[in-house]
Protein chains: 2
Amino acid sequence: MDWKPDRQSHLTIHVQIIEWMKTRIERGDWTVGTKLPTQRKLAAQFEVNRSTINLALDELKADGLLESKVGSGTFVANNSWNILLNKSQPNWQQHIEASIHKPNYHTIQLINEFEQKDHIIRLGTGELSPELLPTKKIERSLKSLSLESRAIGYSEPQGSKKLRSVLCEYLKKRGIDTAQENILIVSGALQALQLIAIGLLEEGAIIFQDNPSYLNSIHPFQSAGMRMIPVQRDGNLPDTLRIAKRKKQSLFYCVPTLQNPTGCNWTIGERQTLYHTCKQLQIPIIEDDVYHELLFEPSSSPALKSFDQSGQVLYVGSVSKTLSPGLRIGWVVAPQSVIQRLADIKMQTDYGSSAVSQEIVAQWLSSGLYESHILQLREQLKLRATFVENILEEQFKHIATWKKSEGGFYIWLRFKEPIVNKAFFLNLLKKNVLINPGYIYDTSDLHHIRLSYAYASLEELTVGLNSLIEVIS
Amino acid sequence: MDWKPDRQSHLTIHVQIIEWMKTRIERGDWTVGTKLPTQRKLAAQFEVNRSTINLALDELKADGLLESKVGSGTFVANNSWNILLNKSQPNWQQHIEASIHKPNYHTIQLINEFEQKDHIIRLGTGELSPELLPTKKIERSLKSLSLESRAIGYSEPQGSKKLRSVLCEYLKKRGIDTAQENILIVSGALQALQLIAIGLLEEGAIIFQDNPSYLNSIHPFQSAGMRMIPVQRDGNLPDTLRIAKRKKQSLFYCVPTLQNPTGCNWTIGERQTLYHTCKQLQIPIIEDDVYHELLFEPSSSPALKSFDQSGQVLYVGSVSKTLSPGLRIGWVVAPQSVIQRLADIKMQTDYGSSAVSQEIVAQWLSSGLYESHILQLREQLKLRATFVENILEEQFKHIATWKKSEGGFYIWLRFKEPIVNKAFFLNLLKKNVLINPGYIYDTSDLHHIRLSYAYASLEELTVGLNSLIEVIS
Ligand SMILES: Cc1ncc(COP(=O)(O)O)c(C=O)c1O
Ligand SMILES: Cc1ncc(COP(=O)(O)O)c(C=O)c1O
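Residues numbered from 1 in each chain as written. Chains lettered and ligands numbered in written order. Predicted model: local features only at pLDDT ≥ 70, side-chain atom pairs only at ≥ 80, totals over all residues. Heavy atoms only, no water.

- Identification of chain A as GntR family transcriptional regulator from Halalkalibacter okhensis is taken from an unreviewed UniProt entry.
- According to the UniProt record, the Cofactor (unreviewed entry) comment for chain A reads "pyridoxal 5'-phosphate".
- The UniProt entry for chain A carries the following text under Sequence similarities (unreviewed entry): "In the C-terminal section; belongs to the class-I pyridoxal-phosphate-dependent aminotransferase family." (UniProt positions renumbered as here; feature names shortened; annotations may be inferred.)

## A look at the confidence of the model for chain A
Argument step 1. Scored by pLDDT, chain A has a mean of 92; 97% of the residues are at 70 or more.
Argument step 2. The ipTM assigned to the predicted complex is 0.83, against a pTM of 0.84. (pLDDT = per-residue confidence, 0-100.)

## Considering the interface of chain A and chain B
Much of the literature gives interface size as the accessible area that the parts lose upon coming together.
Argument step 1. Opposite the 109 residues of chain A that make contact, chain B presents 108 residues.
Argument step 2. For chain A, the biggest contributors to the area lost against chain B are Trp92(A), Tyr154(A) and Gln348(A); these three give 9% of the whole.
Argument step 3. Counting across the chain A and chain B interface gives 51 residue pairs in polar contact (both at pLDDT 80 or more).
Argument step 4. Mapped onto the side of chain A that touches chain B, the elements with two or more residues apiece are α1 (13-26), α5 (92-98), α6 (106-114), α7 (135-143), α9 (189-200), α12 (268-280), α13 (336-349) and α14 (355-367) of chain A.
Argument step 5. Sort the elements by how many residues they give to the side of chain A that touches chain B and α13(A) lands first, with nine residues.
Argument step 6. A per-class count over the side of chain A that touches chain B returns 40 nonpolar, 45 polar and 24 charged. (Contact = heavy atoms within 4.5 Å. Buried area = accessible area lost by both parts, 1.4 Å probe. Polar contact = N/O pair within 3.5 Å; in protein donor to acceptor, adjacent residues only side chain to side chain. Helix = DSSP H or I, 4+ residues; strand = E, 2+ residues; numbered from the N terminus. Nonpolar A, V, L, I, M, F, W, Y, C, P; charged D, E, K, R; others polar.)

## Considerations on the domain arrangement of chain A
Argument step 1. Along its sequence, chain A is carved into domain 1 (13-88), domain 2 (106-129 + 372-472) and domain 3 (135-369).
Argument step 2. Of note, the centres of domain 1 of chain A and domain 3 of chain A, computed from C-alpha atoms alone, are 48 Å apart. (Domains from an automatic or database assignment.)

## Things to note about the sheet that holds strand β8 (residues 285-288) of chain A
Residue and element names in this part refer to chain A.
Argument step 1. Taken together, seven strands build an open sheet; the order of strands is β4-β10-β9-β8-β7-β5-β6 and the sheet is mixed. The open sheet terminates on both sides in strands that have one partner only, identified here as β4 (183-186) and β6 (227-230). Between one strand axis and the next, the sheet turns by 20° as a mean value, whatever way the strands run. (Pairing = 2+ DSSP bridges. Axes fitted to C-alpha atoms, helices over the stretch in contact; angles between N-to-C directions.)

## Points about the nonpolar core
Argument step 1. Counting 241 residues, the largest nonpolar core has Phe221(A), Leu381(A), Phe221(B) and Leu381(B) as its most contacted members.
Argument step 2. Look past the residues within four positions of Leu381(A) in its chain and what remains in contact with it is Leu128(A), Leu132(A), Leu294(A), Phe296(A), Gly408(A), Phe409(A), Tyr453(A) and Ala454(A). (Core = buried A, V, L, I, M, F, W, Y, C linked by side-chain atoms within 4.5 Å. Buried < 20%, exposed > 50% of the residue type's maximum accessible area, 1.4 Å probe, protein only.)

## Observations concerning the side chain of Arg450(A)
Argument step 1. Locating Arg450(A) in the fold gives a position in strand β15 (residues 448-452).
Argument step 2. A polar side-chain atom of Arg450(A) sits 2.8 Å from a polar atom in the side chain of Asn260(A).

## Section: the site of ligand 2
Argument step 1. Within the structure, ligand 2 sits among 16 residues, and Tyr154(A), Asn260(B), Asp288(B), Tyr291(B) and Ser318(B) are positioned closest to it.
Argument step 2. Residue neighbours of ligand 2 fall on chains A and B, so the site bridges chains.
Argument step 3. Ala189(B) is positioned such that a nitrogen or oxygen atom in its backbone is 2.7 Å from an oxygen atom of ligand 2.
Argument step 4. In this structure, an oxygen atom belonging to ligand 2 sits 2.7 Å away from a side-chain N or O atom of Tyr291(B).
Argument step 5. Against a free-state accessible area of 390 Å², the protein chains account for coverage of 97% of ligand 2. (Near = heavy atom within 4 Å. Areas by Shrake-Rupley, 256 points an atom, 1.4 Å probe, with all protein chains shown as cover.)

In structure tokens form, the structure reads like this:
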């Protein structure tokens, strides 16, 4: 939609607009029933007068291509398409609505869309700032990369042997003793969840999780027909799990280290309790450990997988939060039968992950580049966390509460009043400030926003938090 | 499974074997009911005497960890796990069996597995030989790659703008006039099919296709609950489609240019007929066009998408067959509403494709490197095709028929007798020759194998085809 009429053209502006709109309909970009932006918006976008837009729309309505509905706007008319070309086009909207995978929430679609715009201040983005990414270092490491022909062919089902063997060494430092055969390389941690959903669970299976949860903001399990059950991790947990579980297959999804969205970091006791409870009830665990390198005090937070001698824990990691999300490299550590199953499905859905990305990650992990980068990164994130906490202390103390960050990207800011609804989100967006509202992680939550100190620049953080205060008052 | 006992260890060999097997069971790599390899195989693998294996197995059986079933072998015993650790482990096998995605056929799993072994001659592999991949050139192009921080962050839903804009230019040469908004970058053509399956079709929808078909050898649509209907493209096609379609959603999948597995290339007439028939019946088409650059005579084979003014055709391409499958880069061209839907699901399942791979492809396409590479490649494939056709002419004329290749990788070799069954496949595998039997593309077909002249070296092709003759006689 960044087309504009060409002022040099031999066609008048309004005819150009008509032709452009016809092409949208003809190509199926605007399907039947699509609502057009308001005349005001169209005028602003095309940088023309509203009267020119009016002229163009009138002509298209007269041709039967558009129709107005009083009070609700202008729409692509029912048989626009037949009129236009006397041909018929597939009804894509109907296809989309009947299909299997759930759409993203509208708020998340908006987030994905507005994250691409340069003028937006991103207060919630779960991603390292461009300044924090080791872009030049990656560029330099590309220069010394040597490729083997075999490596850039179709991959082995489980992914590059080199990377898997480097990972075995790397995971030892996390207390995880594993073997190449127990590792599957995936295109990011999210893909691991998707493969587990379609490869290890029956329809109707139960996924237990903390509430709020990252999993509510995407739908790998929900789209595969699983039920998400939020649980409290308190003394009643064993009973809750036992009752809910019944005869259904089930699985416990958790992010014990620096949870998304709360930033919460489980104590050792909490880790042991969950592990042993699930073990006793034979409920497998997915441990999503993508943030552990970013703990400010790394020593106190062992992976659940490090307790696991019995293939109870499916361990998921990635380099997205530390090195670069654009590489799309993650891993699963699990019993061999599980890994082979997931690898088989991966071969059926995308034939493996990018060979070049795998080479880069292997190089970074094995050369020590990765670890020295993490050390620096941790310090920079600490500075950013303190910076934001200072602003909060100065400006938000009377209206909100939060906990001091222990690492990672997030502060889970709780407003005393339930103000964080969709209107609030949109009001901020009007001021060019994008937030991740709590309701995308827990639909009933109108108190929280997930604040990220990792993405926006310090200046943007200051301006963005100011706008937040303005919108609230 | 490439572990061997350590002859320097203070433990005796048979105790090491016991410990190793216990660890397999403990970790869940060998689940209950797993059948162990024969004693002979274990002895060969561990490079020990059979009597040592015997001793180890006897002890494990006495402990209740293994059990023999007369005549059928040694298995991991039912309550081995409880005995071993007095703990319980998740029943992964049950999880796997109840889950949603179909497993690959056993033959295909074997192919995926044996393709990794160095001593195997691969007569069927649908992949460029390491000699034909421009590995050094890619390595060189990495040295001149400049990355932007933004490019290695999380991607835009539709993929790199740079690559999409380069693709618009590239696709023009294929007669396809499109815009950035109508393109989605995917991790290979296969992923495009997977996204279409879960994003555009209801359960029970119908996929029409030629028979045999590539789609029978993977299961993106089948696993999503779609019905695959093979059709003959003859005078009855309109009626066949009309009757089968009824009230169900449907879609026609085809590879008009150098089909997999037959190598068949549709005439212009066939292309037009299919396009117009589907258009009239409002059946959308997936045009899988991954082989078109490899036509020996490029001029005569327009893409169906080049006829399409109405968003009827979902066009799929990739660089896997031309540049490198390890990059995992492909694309879909479709109406904007479809592209946005597929992009939304891609964001929910893997957050986009490798940024570095996208940069490489953009560089190759825009610099002309890609096209000059294709010109060379085509000549080399022509030579290889002729080489294999000469061998066939000399040795297979009395037992088989085939058509001269028009491009791509494949010759669809038809044996006069129905000899190509699983036993035949396994017999060849014993001789270290791996084939793609026709039955993975059409379960009832015992006449064909898909011969690929693209992968094995000329020497291997000679030896492999000789073994084929031997096994037949
Ligand atoms: C808890 C958690 N798991 C998984 C992911 C996805 O990571 P990746 O980019 O490796 O797919 C994220 C990123 O948002 C996350 O926060
Ligand atoms: C017809 C056809 N489509 C798609 C694919 C998959 O290609 P990609 O590696 O781009 O996923 C193949 C490769 O085997 C193929 O033969």
